[in-house]
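# A look at the structure
For reference, the chains in residue letters:
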Amino acid sequence: MKKTFDSKVLEVLEDKIKLIKTDKGAIYLVGPIRLPVNLYGETVVFQWYCWLNCDEVTEDFERIINKLSSVNLAELQQSSVLVYGDFEYDKDAIIRFHSICHTGDIFGSKRCDCGFQLKQSMKMIAEHGNGALFYLANHEGRGIGLFSKAMAYILQENGYDTVEANEALGFVDDSRNYGDAILVLKALRTKPVTLITNNPKKLQALKNAGLEVSGREPLWGDISKYNEKYLKTKVNKSGHLEVEGTCCND
Ligand SMILES: [Zn+2]
């Protein structure tokens, strides 16, 4: 049954929705939304945007809003981006493409360095004065999903490294795709960006998508006995660039 639509809702929302066409359909980007966050005890105000992929391509946003309550979005993850400062126009901006990590980001797991990298990159962006943190929700466990990641962790407790465990479960080592995030980035800023990463594949993905990349900022730091092996695998097997003095590598 179709619900009656309050025209006020569309009036309020339509200026905050942007249609981005993709090869498969469209991305609907909603925002900016003021989001004060607690960052190491300080309140920092970001502008938050969230996006949704749809097959349907329409400027009639009422059609999209009408579908929301029946498509069970909570069962599917949506990605979002935190923007800081004058991201569209400032000459230099730094960005981070952060892959979701349920265990690291939410629980603060020490098996990886994700939670640390998330907070640290938000801090780097705020200190830089402008930038964006893309939180990529379909990237759990390098794209294998949370349930598979749980199994991969069990394999890792039995002698497999990160790459071997993913491959043993039938996945390619890294199945992450940055296409949608790059389209959203292009909608928010067209000038060059500096990428916060230790991963040259991410740098390459951005360059391949035709973005002007002005540089790379490394991000290492939270090394402990729990993630030392994981970090070593990142450097030795996944082509991550080692940074002198801050990496646990031999
Ligand atoms: Zn992690």
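Residues numbered from 1 in each chain as written. Predicted model: local features only at pLDDT ≥ 70, side-chain atom pairs only at ≥ 80, totals over all residues. Heavy atoms only, no water.

Looking at an unreviewed UniProt entry, one finds the protein chain named GTP cyclohydrolase II, with Neobacillus niacini as its source organism. Taken from UniProt, the Pathway (unreviewed entry) comment for the protein chain reads in full: "Cofactor biosynthesis; riboflavin biosynthesis; 5-amino-6-(D-ribitylamino)uracil from GTP: step 1/4." Its UniProt record, at the heading Catalytic activity (unreviewed entry), says of the protein chain: "GTP + 4 H2O = 2,5-diamino-6-hydroxy-4-(5-phosphoribosylamino)-pyrimidine + formate + 2 phosphate + 3 H(+)". (UniProt positions renumbered as here; feature names shortened; annotations may be inferred.)

Quick look at the confidence of the model for the protein chain now. Residues shown with low pLDDT carry predicted positions that ought not to be read at fine detail. With 86% of its residues at a pLDDT of 70 or more, the protein chain has an overall mean of 87. No element of the protein chain has a lower mean pLDDT than helix 10 (residues 228-236), which averages 68, and none a higher one than strand 4 (residues 79-84), which averages 98. Overall, residues 242-250 carries pLDDT values under 50, and its contacts beyond four positions in sequence, including any with other chains, amount to 20 contacts. (pLDDT = per-residue confidence, 0-100. Helix = DSSP H or I, 4+ residues; strand = E, 2+ residues; numbered from the N terminus. Contact = heavy atoms within 4.5 Å.)

Another aspect to go through is the coordination of the zinc ion. By definition of the ideal shapes, a tetrahedral metal site with four donors has angles of 109.5 degrees and an octahedral site with six donors has angles of 90 or 180 degrees. Summarising the metal site, the zinc ion is bound by the protein donors Cys-101 (SG), Cys-112 (SG) and Cys-114 (SG), whose distances to it range over 2.2 Å. The motif formed by the donor residues of the zinc ion, counted along the single chain, is C-x10-C-x1-C. (Donors = N, O, S within 2.8 Å, 3.2 Å for Na, K, Ca; no water.)

Moving residue by residue along a regular strand, the side chains alternate between the two faces of the sheet. Counting buried positions over the six residues of strand 5 (residues 94-99) gives six, a clear majority of the element. Here strand 5 shows no split at all, with Ile-94, Arg-96 and His-98 on one side and Ile-95, Phe-97 and Ser-99 on the other all buried. Bridge count for strand 5 against strand 6 (residues 131-136) is six bridges, and the pairing is parallel. If you follow Phe-97 over to strand 6, its bridge partner there is Phe-134. Relative to strand 7 (residues 193-196), strand 5 runs parallel, the two sharing two bridges. Residue pairing for strand 7: Ile-94 is matched across the bridge by Thr-194. (Buried < 20%, exposed > 50% of the residue type's maximum accessible area, 1.4 Å probe, protein only. Pairing = 2+ DSSP bridges.)

Taken residue by residue, helix 8 (residues 179-188) has Ala-181, Ile-182, Val-184, Leu-185 and Leu-188 as its buried positions. Summarising the axial view, the buried residues of helix 8 lie within an arc of 160°, below the 170-degree limit, and thus occupy one face. (Arc of directions from axis to C-beta.)

Among the secondary structure elements, Arg-96 is positioned in strand 5. The class for Arg-96 is buried, based on a relative accessible area of 5%. Separated by 35 residues in the primary sequence, Arg-96 and Gly-131 place their C-alpha atoms 8.3 Å from one another. Once you skip the residues sitting within four places of it in the chain, Arg-96 turns out to touch Gln-117, Ser-121, Ala-132, Leu-133, Phe-134, Ile-196, Thr-197, Lys-202 and Leu-219. One polar contact links the side chain of Arg-96 to the main-chain carbonyl oxygen of Ile-196, over a distance of 3.0 Å. (Polar contact = N/O pair within 3.5 Å; in protein donor to acceptor, adjacent residues only side chain to side chain.)

Our next topic: the packing of aromatic side chains. Enumeration over the complete set of coordinates arrives at five aromatic pairs. Between the aromatic rings of Phe-97 and Phe-134, the centroid separation amounts to 5.1 Å while the plane-to-plane angle is 90°, which identifies the pairing as edge-to-face. Highlighted residues: Phe-97 in strand 5 and Phe-134 in strand 6, separated in sequence by 37 residues. For the pair Phe-97 and Phe-134, one class covers both residues: buried. Among the aromatic residues, those joined into a ring-pair cluster are Trp-51, Phe-97, Phe-134 and Tyr-178. Here the basic side chain of Lys-123 rests over the ring of Tyr-40, its NZ or CZ set 5.8 Å away from the ring centre. When the ring centre of Phe-87 is taken as reference, the NZ or CZ atom of Arg-189 above it lies at 5.7 Å. (Phe/Tyr/Trp six-rings, centres within 6.5 Å; stacked < 30°, edge-to-face > 60°. Lys NZ or Arg CZ within 6 Å of the ring centre and 35° of its normal.)

For the rest of this paragraph, the subject is the environment of Lys-123. Within the secondary structure, Lys-123 sits in helix 4 (residues 114-128). For Lys-123, a relative accessible area of 29% gives the class partly exposed. In this structure the C-alpha to C-alpha distance between Lys-123 and Val-44, which are 79 residues apart in sequence, comes to 9.0 Å.

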